Amino acid sequence: MAVVIMVIVASALPYLGQVLFSPWALSLTGRPTLPGYWYGEMSFGRGDQRPVAMQLRATRCSRCSDDLEGEARVCAAGRSIDYRLSGEVADRNASRFTLDSYPHPDTRAPGIHLERLDATWAGGDEISITATLEVTNPDGSWSSDKQPEQPSRFRLHRGTEANLRSAC
């Protein structure tokens, strides 16, 4: 009997630690958590509004510096661009967090791409994001004179897996 209790306690420790130290990642009370699906629309320049959807997950790697990982899909003219995301939360409630984005597969088509996402989350069903964008030239290079002068500011709302899969 003691062995069974020890196994149950050992199995629950990672979840208990997450509830205590990262309440943004796992809730026992039913309050919203940051991991999940999110969707919205963002500007990639004047008159260039694009749907965007993402999935965020809490990482469980004790040796990793990242707290979050996930995927994002951005719709562009007749195609979608998929990204891998990784980042860190700034505090226990994830009221601020950053994500770095990497096109996946790692092919940078010419155009404007996500670079870094700085976000705020008040613990509800909306994330406010300021995105740094990067222009890739047709030859695969980028030059500072073509880079956007201003970051893109937008909001994402809680969504579903269907939002991510059918974003484009």
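Residues numbered from 1 in each chain as written. Predicted model: local features only at pLDDT ≥ 70, side-chain atom pairs only at ≥ 80, totals over all residues. Heavy atoms only, no water.

## Observations concerning the overall build of the chain
Right, on to step 1. Each helix and strand in the chain was counted, giving two helices and eight strands.
Right, on to step 2. Counting helices and strands in the order they occur from the N terminus, the chain gives α-β-β-β-β-β-β-β-β-α.
Right, on to step 3. Counting all 168 residues of the chain, 36% fall into the buried class.
Right, on to step 4. Sequence separation of at least 24 residues holds for 43% of the intrachain contacts in the chain that already meet a minimum separation of 6.
Right, on to step 5. Of the roughly 9800 Å² of accessible surface on the chain, 55% is carried by carbon and sulfur atoms. (Helix = DSSP H or I, 4+ residues; strand = E, 2+ residues; numbered from the N terminus. Buried < 20%, exposed > 50% of the residue type's maximum accessible area, 1.4 Å probe, protein only. Contact = heavy atoms within 4.5 Å. Areas by Shrake-Rupley, 256 points an atom, 1.4 Å probe, with all protein chains shown as cover.)

## Some points on the pairing of strand S4 (residues 79-89)
Right, on to step 1. Of the strand pairs in this sheet, strand S3 (residues 68-76) and S4 are connected by nine bridges, and their pairing is antiparallel. By the bridge assignment for S4, Ala-72 is matched with Tyr-83.
Right, on to step 2. As defined by bridge partners, S4 adjoins strand S5 (residues 96-103) across seven bridges and the pair is classed as antiparallel. Considered in S5, the bridge of Gly-87 is made with Leu-99. (Pairing = 2+ DSSP bridges.)

## Some remarks on the pattern of salt bridges
Right, on to step 1. All told, the structure shown has nine salt bridges when counted by the stated rule.
Right, on to step 2. Two residues, Arg-57 and Glu-71, come together in a salt bridge whose shortest N-O distance is 2.9 Å. Of the two residues, Arg-57 is situated in strand S2 (residues 49-58) and Glu-71 in strand S3; the sequence distance between them amounts to 14 residues.
Right, on to step 3. Looking at Glu-71, the relative accessible area reads 17%, which means it is buried.
Right, on to step 4. Of the charged contacts, one joins Arg-116 and Asp-100 as a salt bridge, the two residues approaching to 3.9 Å between their closest N and O atoms. Here the residue Arg-116 occupies a position in strand S6 (residues 111-121), and Asp-100 occupies one in strand S5, the gap between them amounting to 16 residues.
Right, on to step 5. Residue classification places Arg-116 among the partly exposed residues on the basis of a relative accessible area of 33%.
Right, on to step 6. Using a relative accessible area of 29% as the deciding quantity, one classes Asp-100 as partly exposed. (Salt bridge = Lys/Arg side-chain N within 4 Å of Asp/Glu carboxyl O.)

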